[in-house]
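Overview (structure and organization)
Listed below are the residues making up each chain.
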Amino acid sequence: MWYHRPVINEELLQSLPNLKIVASSGAGIDHLDLKLLSSYGVKVSNTPFVVSTDTADLGMALMLASSRRLVEGYQIAVSPDTEYFPADWLGAEVSGATLGIVGMGTIGYKVAERAKAFEMKILYHNRNRRNKEEESAVGAIYCKKIDDLLQQSDFVLLSVNLTPQTHKLIGKRELELMKPTATLINTSRGLVVDQDALVEALQNKVIKAAALDVTYPEPLPRDHPLLKLKNVIITPHIGSATKKTRRLMMENMTESIQAGLAGLPIPNEVL
């Protein structure tokens, strides 16, 4: 499967009686009905680890681009109407700011490693607390309650899998807990955020800005209000989009398929 295609439903499974394995690109598995696949004896694999470095890089890129207003700055610099650069056109500092990471898995932890180099204070919320050595290595502080993280962070970065528990994890209440100077960064899945609540929060300056690599749907309708807001950066779901990583994803999928057909243990099997 690439970009969630083909759609794996009961009709397709019935038409493929010899199917042994579905190899899906990327880390997310929210597009797969694992119970249905299991009922047909079909195994599933994904490529969670090879995407982590590039996705962490993009998370930092979105944070820097949003805070330093790079998109707006570019537009000023190239506009035919620009006669001078305004001295009061300012962004926000990243170095020394507080970053709250929601979801400290492989990607979230790699973001923390990068943020440490920016001397950021790092908070994180996760289902399971990391061990003390891992926390110490990046200087991360665990927040058992997501509310504590939201209230303290200058930047909130979402790096969770989409599950029933994380569906619209960030809604009106959570956005109102954030600082009015805070920025929301989402590199996970669009449905982790209540998009209507986010539009309202951005329009009413409940939070300062958002930087999104994911939305729902993708792409957004061309008249969607998020596309009209100056305090939003949206990229086209490019977390893993580098030549090297996309090739590694293909290699991972091929290895899983070969193992599945040979009856061997499947690398990156989704259980």
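Residues numbered from 1 in each chain as written. Predicted model: local features only at pLDDT ≥ 70, side-chain atom pairs only at ≥ 80, totals over all residues. Heavy atoms only, no water.

1. Thoughts on the overall build of the protein chain
Helix and strand counts for the protein chain come out as 10 helices and 9 strands. A globule of 271 residues ought to have a C-alpha radius of gyration of about 18 Å, and the protein chain, at 20 Å, matches this closely. Its C-alpha atoms give the protein chain principal-axis dimensions of about 65 × 45 × 35 Å. Considering the protein chain as a whole, with its 271 residues, one finds that 45% of them fall into the buried category. Within the protein chain, contacts between residues separated by at least 24 positions form 61% of all contacts whose residues are at least 6 apart in sequence. Split by element, the accessible area of the protein chain, about 14900 Å² in all, is 54% carbon and sulfur. Distance between charge centres in the protein chain, computed from 30 positive and 30 negative side chains, equals 3 Å. (Helix = DSSP H or I, 4+ residues; strand = E, 2+ residues; numbered from the N terminus. Rg over C-alpha atoms; globule rule 2.2 N^0.38 Å. Buried < 20%, exposed > 50% of the residue type's maximum accessible area, 1.4 Å probe, protein only. Contact = heavy atoms within 4.5 Å. Areas by Shrake-Rupley, 256 points an atom, 1.4 Å probe, with all protein chains shown as cover. Lys, Arg positive; Asp, Glu negative; His and termini not counted. Charge placed at Lys NZ, Arg CZ, Asp CG, Glu CD.)

2. Considering the nonpolar core
A general feature of soluble globular proteins is that nonpolar side chains tend to end up buried together. In terms of nonpolar packing, the biggest core is built from 29 residues, with L175, L184, L198 and L226 touching the most fellow members. Taken together, the elements giving at least two residues each to this core come down to α7 (146–152), β6 (155–158), α9 (195–203) and β8 (209–212). At 5 residues, the largest contribution of residues to this core is made by α9. Once residues within four sequence positions are removed from consideration, L184 is found in contact with V156, L158, I170, L175, M178, V193, L198, I207, A209, A210 and A211. (Core = buried A, V, L, I, M, F, W, Y, C linked by side-chain atoms within 4.5 Å.)

3. With respect to the UniProt feature "domain: D-isomer specific 2-hydroxyacid dehydrogenase catalytic" (unreviewed entry) in the protein chain
UniProt feature "domain: D-isomer specific 2-hydroxyacid dehydrogenase catalytic" (unreviewed entry): in the numbering of this structure it lies at residues 2–270. Along residues 2–270 one finds 36% helix and 13% strand; the C-alpha atoms at either end are 16 Å apart. (UniProt positions renumbered as here; feature names shortened; annotations may be inferred.)

4. Quick look at the pattern of salt bridges
Side chains bearing opposite charge may pair, as long as their charged atoms lie close to each other. All told, the structure shown has 10 salt bridges when counted by the stated rule. K179 is the salt-bridge partner of D154, the closest N and O atoms lying 3.0 Å from each other. Highlighted residues: D154 in the loop between α7 and β6 and K179 in the loop between α8 (172–177) and β7 (183–186), separated in sequence by 25 residues. With a closest N to O distance of 3.2 Å, E174 and R173 form a salt bridge. Residue classification places E174 among the buried positions, given a relative accessible area of 13%. (Salt bridge = Lys/Arg side-chain N within 4 Å of Asp/Glu carboxyl O.)

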